[in-house]
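Chain and residue survey
Listed below are the residues making up each chain.
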Amino acid sequence: LSFIDKAMVEQITKLHKANRHSKKLMFKDHLVTMLYAVFTGCTSIREVQAGLELCQGKLNHFNLKEVPPRSTLSDGNKKRASSIFGAVYKQLYKKYNHIISDSSLKKEIASKLYILDSSTFSLFKAILKPAGRKRNDGKSKGGMKVHTLLKADCNMPSFIKFTAAALHDQQFYQYIKELPDGSIITFDKAYINYEQFDLFNQRDIFFVIPQKENAAYKSIKEFELKEEEPAILKDELTEVVYKIEVAGIVIPKTLQLRRIAYYSKKHQSTFVYITNHFDIEAMQVVEIYKNRWQIEKFFKKLKQNFPLAYFLGDNVNAIEIQIWCALIALLLLQVLHKENTSNLAFSILAAIVRLHLMN
């Protein structure tokens, strides 16, 4: 908790009027209580209350005067906007991203590279519309999809958006309009949208994605392959045709893309990527997409150390608060792990903190 600046919390409280509708549970107490719940892996509000009550002699160390009653904590999770917890995460990210930075890519590329993906958390009730068709037995569960934009030179997301699991991944494009011009972004096939790629071209934003197996394209010309890149099988300029609708009229448009075929000895398989970046080496394009697995590692780390299998509330706001607090807890552990001089594995550190939280 010492990594969370008190002045920052007070500033966010004032800016977002976090205590406007809650006189019994102040925001700083709410934040500490929910972080306790996340770090210890509590599965119910009753467990949170019982656990904190057993630590009465130690509550003063983090200025928690009393344990919030179950009803008060439940109301706080329902009524206090989850975006306030998101604001805490964003401020902590801004403060510590230089500490938790880590990337094997060249610095000039890593500083510009963003990785886009989403992960779904299953819910015990149909609070949000589930993905897929409605089940005949009526037992469809809800799902919270966490759309994540992660900067390659950092291990934590720079931008997050929560939606129902049923929302298609491409709908996330509307939320990343503030992506800096000149950025590079990589993602999987679910986000392929040629109209969006044209908009990226207009803003000098570069992308690297795998090509769909059934993609229709026309080869314009082949670029000369380099001897120092024997794994590159083909490097060519291609053209794809897509359609847009303007005032009820369908208009065909063309888009030129670079297509790179790469053979991996490790997987004994060929991978094909498309990009609008023509000024970098073919192997750099391959390395950029390989870096996409960084976001998969992030989701794995989050779900392994903070499983989020049980939520303390059955409403969207409470679920979002708990996910934000899990992200805050993960970020704090990342800082602790980086500043720790021992060679402890991250999962071991997380387990030690969980088992000895109040010691």
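In the block above lies the structure referred to throughout.
Presented here is an overview of the structure given in this document. (Residues numbered from 1 in each chain as written. Predicted model: local features only at pLDDT ≥ 70, side-chain atom pairs only at ≥ 80, totals over all residues. Heavy atoms only, no water.)

Structural notes on the sheet that holds strand S4 (residues 184-186)
- Read across the open sheet, the nine strands follow the order S3-S2-S1-S4-S5-S9-S8-S7-S6; overall the sheet is mixed. Edge positions in the open sheet fall to strand S3 (157-164) and strand S6 (218-222), since each of these has one partner strand only. Averaged over all pairs of adjacent strands, the angle between their axes in this sheet comes to 25 degrees, without regard to strand direction. (Pairing = 2+ DSSP bridges. Helix = DSSP H or I, 4+ residues; strand = E, 2+ residues; numbered from the N terminus. Axes fitted to C-alpha atoms, helices over the stretch in contact; angles between N-to-C directions.)

Description of unusual backbone geometry
- Positive phi outside glycine occurs at Lys 17, with the angle close to 50 degrees.
- If you trace the backbone, Lys 17 turns up in the loop between helix H1 (6-15) and helix H2 (27-40).
- Not every positive phi belongs to a glycine, and Leu 308 is a case in point at roughly 55 degrees.
- Relative to the helices and strands, Leu 308 is located in the loop between helix H9 (293-305) and helix H10 (316-339).
- The exposure class of Leu 308 is buried, given its relative accessible area of 9%. (Buried < 20%, exposed > 50% of the residue type's maximum accessible area, 1.4 Å probe, protein only.)

Let's talk about the nonpolar core
- Counting 86 residues, the largest nonpolar core has Leu 92, Met 156, Phe 306, Ile 323 and Leu 331 as the members making the most contacts within it.
- Broken down by element, the residue count for this core peaks at 14 residues, all from H10.
- In terms of nonpolar packing, the next biggest core, distinct from the first, is built from 23 residues, Leu 116, Ile 185, Ile 244 and Leu 257 among them. (Core = buried A, V, L, I, M, F, W, Y, C linked by side-chain atoms within 4.5 Å.)

Some details on helix H5 (residues 82-96)
- The first and last C-alpha atoms of H5 sit 21 Å apart over 15 residues, in line with the 21 Å expected at 1.5 Å per residue.
- For H5, the set of buried residues is Ser 82, Ile 84, Phe 85, Gly 86, Ala 87, Val 88, Tyr 89, Leu 92, Tyr 93 and Tyr 96.
- In this structure, the buried side of H5 is in contact with H1, H2, strand S2 (143-151), S3 and H10. (Expected span 1.5 Å × (residues − 1). Contact = heavy atoms within 4.5 Å.)

Some details on the packing of H2 against helix H4 (residues 70-79)
- In contact at an axis separation of 11 Å, H2 and H4 are set at 100 degrees when each is read in the N-to-C sense. As the angle between them shows, H2 and H4 are arranged roughly perpendicular. Across the interface between the two elements, His 30, Thr 33 and Met 34 from H2 touch Leu 73, Gly 76 and Asn 77 from H4. (Parallel < 35°, antiparallel > 145°, perpendicular 65-115°, else oblique.)

Quick word on the pairing of strand S7 (residues 232-246)
- As judged from the four bridges shared by S6 and S7, these two strands associate in the antiparallel manner. Among the inter-strand pairings, Ser 219 is bridged to a residue of S7, identified as Thr 238.
- Pairing of S7 with strand S8 (residues 249-264) involves 14 bridges; the strand directions are antiparallel. Across the sheet, the residue bridging to Tyr 242 is Lys 253, located in S8.
- A loop of two residues connects S7 with S8, the two strands running antiparallel in sequence, and Ala 247 in this loop sits at a positive phi of about 55 degrees.

Focus on the layout of surface pockets
- Within this model, the largest pocket holds a volume of roughly 900 Å³.
- If you trace the largest pocket, you find 31 residues lining it, with Leu 1, Ser 2, Ile 4, Val 32 and Phe 62 closest to the centre.
- Listing elements by their share of the lining of the largest pocket, those giving two or more residues are H1, H2 and H10.
- A class-by-class count of the residues in the lining of the largest pocket yields 18 nonpolar, seven polar and six charged.
- In this structure, the second largest pocket occupies an estimated 480 Å³ of space.
- In terms of lining, the second largest pocket is formed by 20 residues, of which the most central are Phe 271, Val 272, Tyr 273, Tyr 289 and Trp 293.
- Breaking the lining of the second largest pocket down by element, the ones donating at least two residues are S8, strand S9 (269-275) and helix H8 (282-290).
- Broken down by class, the residue content of the lining of the second largest pocket amounts to nine nonpolar, four polar and seven charged. (1 Å grid on protein atoms, 1.4 Å probe; cavity = no way out; pocket = protein on both sides within 12 Å on 5 of 7 lines; lining within 4 Å. Points joined across faces, edges and corners; volume = space filled by probe spheres on them. Nonpolar A, V, L, I, M, F, W, Y, C, P; charged D, E, K, R; others polar.)

Describing the pattern of salt bridges
- As enumerated under the stated definition, the model contains 11 salt bridges in all.
- The partner of Asp 198 in a salt bridge is Lys 253, and the shortest N-O contact between them spans 3.9 Å. Of the two residues, Asp 198 sits in helix H7 (residues 194-202) while Lys 253 sits in strand S8, which places them 55 residues apart along the sequence.
- Of the charged contacts in the structure, one is a salt bridge between Lys 234 and Glu 222, with a shortest N-O distance of 3.5 Å. Of this pair, Lys 234 sits in strand S7 while Glu 222 sits in strand S6, placing them 12 residues apart in sequence.
- According to the relative accessible area criterion, Lys 234 is partly exposed, its value standing at 29%.
- Judged by relative accessible area, Glu 222 falls into the exposed class, the value being 53%. (Salt bridge = Lys/Arg side-chain N within 4 Å of Asp/Glu carboxyl O.)

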